[in-house]
Amino acid sequence: MTKIKTTHVGSLPRTDSLRATNEAHQNGQISDAEFKEKLDAEVAGVVARQKDIGLDIINDGEYGHVMTEVTNYGSWWWYSFSRLGGLEFTDNEFHAAATAGGGAVELVPFDERRDWQRFKDAYTDPESGIHQAKRQEVAMPTITGPVTYIGAEQTQRDVDLTLKALKANGLDASSGFIAALSPGSAARISNTHYKSEDEVLTAMADALHEEYKIITDAGLTVQIDDPSLAEGWDQVNPEPAVADYRTWVARRIEAINYALEGIDPELVRLHVCWGSWHGPHTTDIPFRDIVDLCLKVKARGLTFEAGNARHAHEWKIWEDIALPDDKVLIPGVVSHSTNVVEHPELVAQRIEHFTSLVGAERVIASTDCGLGGRIYPSIAWAKLETLVEGARLASK
């Protein structure tokens, strides 16, 4: 029997206590030392809970990625605003269009996305159940000077707390990962400093290289979060030619690889998703159209959505797409997009779709995307439990 390992994408539900402590810290009501002490305890707790459930490759729940304004949502992107120099909060738009894409591909503000326009009634109704409708507006940054990396101390804190928690549970760095933003996703903010998007991507890659290196120098895997690779398709209005969009994606792949120079691919995995908000997603680009480009990233693992109703059918693309020998698939087999907790036998069936095509030793079962802030905490943890049970059944 080959044991099929399990993991998740990163963000896990935060406790009320952590949110309250973070807010008090941001408001100057408690010291840095008091905040770190609380964060230490919370990371220890979330790592222990993952270990107890039976997950194999675990993290700090992204608890170290904190900002007051978005504590109740998640931090896959937002944490970077406090770790990158050269940014200023100059507007109050919830999302800003990225700097001009050039050529045939240029991003529009998020509320002008094609899916949003088609279902504008639902997206603008706070009672619709669509996640976006419930978000509060927060200030967004603009690049106003040279981008630098100023988050070394925070990232080292995240690394140290994760390693400490892993050790307390009898695990080492090989069982841990920390998520980090990709250059392309980091570039999706307003820019008044650089002359071109290429300059922005290069600057972001130079800065984020430092973050990736801190994580991997400690022996932890870095997960490069880049939903922009797939999600950007919906953010081009009108719909572009696939060839033009692939050129746009390829430039972002180049930026990731540039940022990963000197880093062991065995300690890297790339996460791709379609934005993961609770919406119709009728304008998602098929994974087949960009998967060959994603496989060019110098990363051992590729994580992607494969459990939700819009992308669960796409496991079939691996019938005729050859997986490079140095890669493993990390498909989502439980999803944040529904409150229904998947049955373990369904999870096992989803896993077997992939193992039958690439082999059990080249599949790590995961979640579609981060669960924190997207689904009720008790349901999120139940989904991780069914993920582990499904992998156990599939391993047999």
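This structure is a prediction, so every number in the text was calculated from the model and none was measured.

(A) Molecular detail of the sheet that holds strand β6 (residues 221-225). Taken together, seven strands build an open sheet; the order of strands is β1-β10-β9-β8-β7-β6-β4 and the sheet is parallel. Bordering the open sheet on either side are β1 (5-6) and β4 (177-181), each of which pairs with just one other strand. In terms of strand pairing, strand β8 (residues 301-304) meets strand β9 (residues 328-334) through four bridges, oriented parallel. Bridge assignment links Leu302 to a residue of β9, and that residue is Leu329. Packing against the sheet, helix α11 (residues 344-358) makes contact with β8, β9 and β10 (364-367), and its axis sits at approximately 160° to β9.

(B) Broad picture of the environment of Thr303. In this fold, Thr303 is placed in strand β8. Measuring from C-alpha to C-alpha, the distance between Thr303 and Val340 comes to 22 Å, with 37 residues separating the pair along the chain. Leave out the neighbours within four places in its chain, and Thr303 touches Val9, Gln223, Arg269, Leu270, His271, Val272 and Ile330. Of note is the side chain of Thr303, whose polar atom sits 2.5 Å from the side chain of His271.

(C) Spatial organisation of the environment of His271. With respect to the helices and strands, His271 occurs in strand β7 (residues 268-272). You can call His271 buried: its relative accessible area is 2%. Beyond its immediate chain neighbours, meaning those up to four positions away, His271 contacts Val9, Gln223, Ile224, Asp225, Asp226, Pro227, Thr303, Phe304, Asp368 and Cys369.

(D) Looking closely at the state of the cysteines. Here the structure, examined in full by the defined rule, presents zero disulfides. With no disulfide partner, Cys369 has as its closest neighbouring cysteine sulfur the one in Cys273, 3.9 Å distant. Among the residues examined, Cys369 registers a relative accessible area of 6% and is labelled buried.

(E) Spatial organisation of empty space enclosed by the protein. Evaluation of the coordinates by the stated rule reveals four cavities of 30 Å³ or more. Its volume calculated, the second largest cavity comes out at about 40 Å³. Taken together, Leu270, Cys294, Leu295, Val297, Ala299, Arg300, Gly301, Leu302 and Lys327 make up the full set of residues lining the second largest cavity. Counted by class, the lining of the second largest cavity contains six nonpolar, one polar and two charged residues.

(F) Geometry of the pairing of β10. Note: β1 against β10, two bridges, orientation parallel. Across the sheet, residue Lys5 finds its bridge partner in β10, namely Ile364. Where β9 meets β10, two bridges bridge the pair, whose relative direction is parallel. Note that in β10 the partner of Gly332 across the bridge is Ser366. The parallel pair β9 and β10 is bridged by α11, and the resulting crossover is right-handed.

(G) A look at the confidence of the model for the protein. In the predicted model, the protein carries a mean pLDDT of 92, and 92% of its residues have values of at least 70. Here residues 68-73 is modelled with pLDDT under 50, and outside its nearest four sequence neighbours on either side it reaches 18 contacts, counting other chains as well. In this model, residues 92-101 is a region of pLDDT below 50 whose contacts with residues beyond four sequence positions or in other chains number 39 contacts.

Definitions and cut-offs
- Residues numbered from 1 in each chain as written.
- Predicted model: local features only at pLDDT ≥ 70, side-chain atom pairs only at ≥ 80, totals over all residues.
- Heavy atoms only, no water.
- Pairing = 2+ DSSP bridges.
- Helix = DSSP H or I, 4+ residues; strand = E, 2+ residues; numbered from the N terminus.
- Contact = heavy atoms within 4.5 Å.
- Axes fitted to C-alpha atoms, helices over the stretch in contact; angles between N-to-C directions.
- Polar contact = N/O pair within 3.5 Å; in protein donor to acceptor, adjacent residues only side chain to side chain.
- Buried < 20%, exposed > 50% of the residue type's maximum accessible area, 1.4 Å probe, protein only.
- Disulfide = S-S within 2.5 Å.
- 1 Å grid on protein atoms, 1.4 Å probe; cavity = no way out; pocket = protein on both sides within 12 Å on 5 of 7 lines; lining within 4 Å.
- Points joined across faces, edges and corners; volume = space filled by probe spheres on them.
- Nonpolar A, V, L, I, M, F, W, Y, C, P; charged D, E, K, R; others polar.
- Right-handed = clockwise from strand over helix to strand, strands pointing away.
- pLDDT = per-residue confidence, 0-100.

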